[in-house]
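Observations on the three-dimensional arrangement
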Amino acid sequence: MVDGRLVERVSSRLVRNGAEPTAAKVVAALRDEGAVLGDRAVLDVVGAVTRELAGAGPLDPLLADPRVSDVLVNGPSDVWLDRGDGLERVAVRFADEPAVRRLAQRLAASAGRRLDTAQPTVDARLAGGVRLHAVLPPISPAGTLLSLRVAPRRAFTVEALVAAGSLTPDVAAALHELVTARLAFLVTGGTGTGKTTLLSTLLSLVPARERLVLVEDSGELLPDHPHVVRLEARQPNVEGTGQVDLRDLVRQALRMRPDRLVVGEVRGAEVVELLAALNTGHDGGCGTVHANSAEAVPARLEALALAAGLGREALHSQLAAAVQAVVHLVRGRDGVRRVQMVAALHRDRDGWVRSLPALTARADGVVAGAGLDVLRAHVAAAAPSQS
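Described below are features of the structure shown in this document. Everything numeric in this text was worked out from a predicted model, so none of it was measured. (Residues numbered from 1 in each chain as written. Predicted model: local features only at pLDDT ≥ 70, side-chain atom pairs only at ≥ 80, totals over all residues. Heavy atoms only, no water.)

1. So, the overall build of the chain
Put simply, the rule reads: Only DSSP runs of H or I covering at least 4 residues are called helices, and only runs of E covering at least 2 are called strands; the numbering of each starts at the N terminus. For the exposure calls, accessible area comes from a 1.4 Å probe over protein chains only, and a residue counts as buried if that area is under 20% of its type's maximum, exposed if over 50%, partly exposed in between. The contact criterion used throughout is that any non-hydrogen atoms of two residues lie within 4.5 Å. Throughout, the Shrake-Rupley method with a 1.4 Å probe supplies accessible areas, and for residues the shown protein chains are the sole cover considered. Note that His is not counted, nor are the chain ends; the positive residues are Lys and Arg, and the negative ones are Asp and Glu. Charge placement uses NZ in Lys and CZ in Arg. For Asp and Glu, CG and CD serve respectively.
In terms of regular secondary structure, the chain is built from 13 helices and 15 strands. In terms of principal-axis extent, the alpha carbons of the chain reach across some 80 × 45 × 40 Å. Here the chain, with 387 residues, has 46% of them falling under the buried criterion. Considering only contacts within the chain whose residues lie at least 6 apart along the sequence, 52% involve residues at least 24 apart. Counting every atom, the chain has about 18200 Å² of accessible surface; 52% of that belongs to carbon and sulfur. Charge separation in the chain, taken as the distance between the mean sites of 45 positive and 44 negative side-chain charges, equals 2 Å.

2. Details of unusual backbone geometry
Note that the residue after Pro137, namely Pro138, is joined by a cis bond; omega there is 10°. Looking at the secondary structure, you find Pro138 in the loop between strand S5 (131-135) and strand S6 (145-149). Although it is not a glycine, Arg182 adopts a positive phi angle of roughly 60°. Its place among the elements puts Arg182 in the loop between helix H7 (169-180) and strand S7 (185-189). Judged by relative accessible area, Arg182 falls into the buried class, the value being 18%. Its identity as a non-glycine residue notwithstanding, Arg257 has a phi of 55°, on the positive side. As for its placement among the helices and strands, Arg257 is situated in the loop between helix H9 (246-253) and strand S10 (260-263). Exposure remark for Arg257: the relative accessible area of 55% places this residue in the exposed category.

3. Re the packing of helix H11 (residues 297-307) against helix H12 (residues 312-322)
To be explicit about the condition: Every axis corresponds to a line fitted to the C-alpha atoms, with the helix fit spanning only the stretch in contact, and the corresponding angles, defined between N-to-C directions, vary from 0 to 180 degrees. Here roughly perpendicular refers to angles of 65 to 115 degrees, roughly parallel to angles under 35, roughly antiparallel to angles over 145, and oblique to all remaining angles. Handedness of a crossing follows from how the near helix is turned relative to the far one, being left-handed for an anticlockwise turn of less than a right angle and right-handed for a clockwise one. Under the grouping applied here, Gly and all other residues not named as nonpolar or charged are polar, the nonpolar ones being Ala, Val, Leu, Ile, Met, Phe, Trp, Tyr, Cys and Pro and the charged ones Asp, Glu, Lys and Arg.
Viewed as axis vectors pointing N to C, H11 and H12 meet at an angle of 125°, and their least axial separation amounts to 10 Å. Between H11 and H12, the crossing angle belongs to the class labelled oblique. Handedness of the crossing formed by H11 with H12: right-handed. Touching Pro298, Leu301, Glu302 and Ala305 of H11 are Arg312, Leu315, His316 and Leu319, all from H12. The residue makeup of the contact of H11 with H12, split by class, is five nonpolar, one polar and two charged.

4. Description of the sheet that holds S10
Backbone hydrogen bonds hold the strands of a sheet together, and the pairing may be parallel or antiparallel. Our working rule: At least two bridges found by DSSP between two strands is the condition for calling them paired.
Pairing in this open sheet of nine strands is mixed, and the strands run S9-S8-S10-S11-S7-S12-S13-S14-S15 from one edge to the other. Only two strands of the sheet have a single neighbouring strand rather than two, namely strand S9 (228-232) and strand S15 (365-368). Pairs of neighbouring strands in the sheet enclose a mean axial angle of 25°, with direction left out of account. Of the pairings in the sheet, the one linking S7 to strand S12 (residues 325-331) comprises four bridges and is parallel in character. Of the residues in S12, the one forming a bridge with Thr188 is His328.

5. Digging into H9
Applied cut-off: To be clear, the arc concerns the directions from the helix axis to the C-beta atoms. The term polar contact refers here to a pair of N or O atoms within 3.5 Å; inside protein, the definition further demands a hydrogen-donor-capable atom paired with an acceptor-capable atom, and it admits residues adjacent in sequence only when both atoms are side-chain atoms.
Considered for burial, the residues of H9 that qualify are Leu246, Leu249, Val250 and Ala253. Projected onto a plane normal to the axis of H9, the buried residues spread over an arc of 105° and lie on a single side. Residues of H9 that are buried in the fold lie against strand S8 (212-216), S9, S10 and helix H10 (270-278). Its side-chain oxygen 3.2 Å from the backbone nitrogen of Arg247, Asp245 forms the N-cap of H9.

6. A closer look at the pairing of S9
The side chains of a regular strand alternate, residue by residue, between the two faces of the sheet. Here S9 shows a buried face lined by Val229 and Leu231 and an unburied face lined by Val228, Arg230 and Glu232. Bridge count for S8 against S9 is five bridges, and the pairing is parallel. Residue pairing for S9: Leu212 is matched across the bridge by Val228.

7. A closer look at the pattern of salt bridges
Quick note on the threshold: Only one rule defines a salt bridge in this text: a Lys or Arg side-chain nitrogen within 4 Å of an Asp or Glu carboxyl oxygen.
This model, assessed by the stated rule, comprises 22 salt bridges. Of the charged contacts, one joins Asp65 and Arg67 as a salt bridge, the two residues approaching to 3.0 Å between their closest N and O atoms. For Asp65, a relative accessible area of 14% gives the class buried. Its relative accessible area of 53% is what places Arg67 among the exposed residues. Of the charged contacts, one joins Glu273 and Arg247 as a salt bridge, the two residues approaching to 2.6 Å between their closest N and O atoms. One end of the pair, Glu273, is in helix H10; the other, Arg247, is in helix H9, and 26 residues separate them in sequence.

Without other data, these values stay purely geometric and don't point to any function.
Written as structure tokens, this is what we have:
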């Protein structure tokens, strides 16, 4: 068992001296500490210090697993991951609570963010696309909480999603038609339901001659497409300046001749710019939104728009003209992420936009709903404008 206090002293010495955590430097620091260790113990300390000062420490092997989508640390001996079958506890251990805190602070610093008592939370993107969220006491009374979300490493094909049970053949055909007809759509669902994976897959169906401009908080979309341009938001620096948010980026994207404007996650005031853009000739735009159901999407967008100063009536007017479909995902108890519903957006006689089920995937098959005729009408209306 490696002495955690010795590892901390050696790590602190290397940091103070600005030394890289090489084996020779660690051995020299051990000598300066007056530690007398056998060869095996020295190797253990070298490994522990290297993990402490480089990468994600003991979490590196977990993040390297291509099946892992999330790594969650609730305490020094309380580490969980998700390989696609739900959360499972793993045997990874930290020396103590300060070791978890140091890792969280070091990862935040590597992303140019501050994490300390005065700023006890951080949300940042690390090198390689890993999304970091960390919380320090007193916000988390039990100790440092660390959440790492691994971005998808590749784009799936529609055929692969059908084989995995995420799509039925009927739903896959409908989604293909939706993309081909250049309908604007939103992919919805809760956290971890596979919204980003599905959106990347659908964007891979866009014809190669079209230009995709992706606007994201952190780069997670990986469409298999030859013409992709990315814009990523920037958080404030440690002085609190330099922020560039999604709303700013949507406005910039409109000047970049997008054939398809894509907002990776619509979660704030950018909904106003996105709807305005889709109402000015930018067909085929899309994005993801957190929502409990397809039917709840208009209400969810109302809340986002209201916070941005856009009233309910104006929101529904913009939405009715801008977005034609919703694709809703759920995650079953078996851990499989699947499309539960494809819905059509339709404005009723009262002027409010409703989400009408078009195709609903159930255990006994796909059920057609009232929205299917509406969706077909949207596709038919878009046909003359296709090139």
